[in-house]
Amino acid sequence: MPPSASPARTASATAPVAIDVTGLSKAYGDKVVLDGIDLRIPEGTIFALLGPNGAGKTTTVQILSTLIPADGGEVRLAGHDLVREADAVRRAIGVTGQFSAVDNLLTAEENLLLMADLNHLSRREGRRRAAELLRRFELTEAGSKPVTTFSGGMRRKLDLAMTLVGDPRVIFLDEPTTGLDPRSRRTMWEIIQSLVAEGVTIFLTTQYLEEADQLADRIAVLDRGAIVAEGTAQELKGRIPGGHIRLRFADAEGLAVAAGLFGTGTPDDEALTLDIPGDGRIPTVRAVLDVLDVASVEAESLSVHTPDLDDVFLTLTGSTR
Ligand code: ADP
């Protein structure tokens, strides 16, 4: 290694790639859902795919987990070709979320044992694995109760525990913490981080920008079937020159007039606010106030927001979610 090379960079550059996607495309009839996307996700990392509703996130996960075929492109997953070695890919992956395999009439332990059977574990090994997973997810006490009695957070944990029975190398997590209270969300994040520390690769889709910020090593923003930005949370935030200026109005009329004045603003009709991309420097703020003054529009308040992932999203996709 040359003396100037950073060890961390060298390691990540040579780490095996868990998910390698080139030119992935998919259309439904005339509608292009994925327009040739490329992704390279190193082993033992968390990758977050972000995008507004309808961007193509679920379609991407469905293709990568062999549920539906792509129209074009090359995918290698855990070293296997997605099409020619689909069985090997299926053995290497776990999918949680929307397609939950949990049977509500069984207990948590019975669900795990069923999964162990499906994964061809011996009875003894299955019991050992079920007990270990119940412990890891703090479900040991609840393990003998039917899943119908579980809270949303417990269900979500059981769903992930079931995925882990097969010891997958790559896990697809579709909105893992949607609807969870903050404590359950934190537990889930800790479990996800511990999996990655063991070398598992996580492919996450989420609407929570905070979740991607907290968890993901790299984030890609998908918009209308194309990757519009890719990088670490820090890199993405760095692409935005400086957050936004938020104007709040007393009524809908003031908001509507102001929205007409600032073409780049994003109005929120319920909160009566208008977010205008831009930095918080005084000349910028003064220019905004001048535009309002000239048009005789009164804003109730003005606040300056430094960039976060929300701003990245707003700027790149024109959507707050
Ligand atoms: P996301 O998960 O980002 O919300 P999806 O992947 O679910 O987005 O959907 C992307 C686009 O593809 C949407 O416009 C959706 O209506 C369309 N779409 C998804 N599945 C089908 C289908 N089976 N038939 C037709 N259109 C579909």
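Just so it is clear, the model here is predicted, and its values are computed rather than measured. (Residues numbered from 1 in each chain as written. Predicted model: local features only at pLDDT ≥ 70, side-chain atom pairs only at ≥ 80, totals over all residues. Heavy atoms only, no water.)

What follows covers the site of the ligand. In the neighbourhood of the ligand, the contacting residues comprise Tyr-28, Lys-31, Val-33, Pro-52, Asn-53, Gly-54, Ala-55, Gly-56, Lys-57, Thr-58 and Thr-59. Within the backbone of Gly-54, one N or O atom sits 2.7 Å away from an oxygen atom of the ligand. Between an oxygen atom of the ligand and a side-chain N or O atom of Thr-59, the distance comes to 2.6 Å. The protein chains hide 61% of the 570 Å² of surface that the ligand would expose on its own. For the shell around the ligand, the secondary structure elements donating two or more residues are strand E2 (31–42) and helix H2 (57–64). Counting residues per element, the shell around the ligand draws most heavily on H2, which supplies three residues. (Near = heavy atom within 4 Å. Polar contact = N/O pair within 3.5 Å; in protein donor to acceptor, adjacent residues only side chain to side chain. Areas by Shrake-Rupley, 256 points an atom, 1.4 Å probe, with all protein chains shown as cover. Helix = DSSP H or I, 4+ residues; strand = E, 2+ residues; numbered from the N terminus.)

Within the open sheet, the four strands sit side by side as E2-E1-E4-E5. Their pairing is antiparallel. The open sheet has two free edges, formed respectively by E2 and strand E5 (80–81), since each of these has just one partner strand. Across nine bridges, strand E1 (residues 17–28) lies against E2 in antiparallel orientation. Among the inter-strand pairings, Ile-19 is bridged to a residue of E2, identified as Ile-41. Strands in contact with H2 are E1, E2 and strand E4 (72–77); relative to E1, the strand with the most contacts, it is inclined by about 120°. (Pairing = 2+ DSSP bridges. Contact = heavy atoms within 4.5 Å. Axes fitted to C-alpha atoms, helices over the stretch in contact; angles between N-to-C directions.)

Take the pairing of strand E9 (residues 218–223) next. Side chains on a regular strand alternate between the two faces of the sheet. Within E9, five of the six residues are buried, which leaves the element mostly enclosed by the surrounding structure. Of the strand pairs in this sheet, strand E3 (residues 46–50) and E9 are connected by four bridges, and their pairing is parallel. The residue bridging Leu-50 from the neighbouring strand is Val-221, located in E9. Across five bridges, E9 lies against strand E10 (residues 226–231) in antiparallel orientation. If you follow Ala-220 over to E10, its bridge partner there is Glu-230. (Buried < 20%, exposed > 50% of the residue type's maximum accessible area, 1.4 Å probe, protein only.)

As a further point, take the side chain of Asp-174. Turning to its location among the elements, Asp-174 is positioned in strand E7 (residues 170–174). Here Asp-174 sits buried without a salt bridge, and the closest side chain of opposite charge, Lys-57, lies 7.4 Å off (N-O distance). (Lys, Arg positive; Asp, Glu negative; His and termini not counted. Salt bridge = Lys/Arg side-chain N within 4 Å of Asp/Glu carboxyl O.)

Turning next to the packing of helix H4 (residues 108–118) against helix H6 (residues 152–164). At a minimum axis distance of 9 Å, the contact between H4 and H6 shows a crossing angle of 25°. Between H4 and H6, the angle falls in the class roughly parallel. Of the two possible hands of crossing, H4 and H6 adopt the one that is right-handed. Two secondary-structure elements touch here, H4 through Ala-108, Asn-111, Leu-112 and Met-115 and H6 through Leu-158, Ala-161 and Met-162. Residue composition of the contact of H4 with H6, by class: six nonpolar, one polar and no charged. (Parallel < 35°, antiparallel > 145°, perpendicular 65-115°, else oblique. Left-handed = near helix turned anticlockwise from the far one by under 90°. Nonpolar A, V, L, I, M, F, W, Y, C, P; charged D, E, K, R; others polar.)

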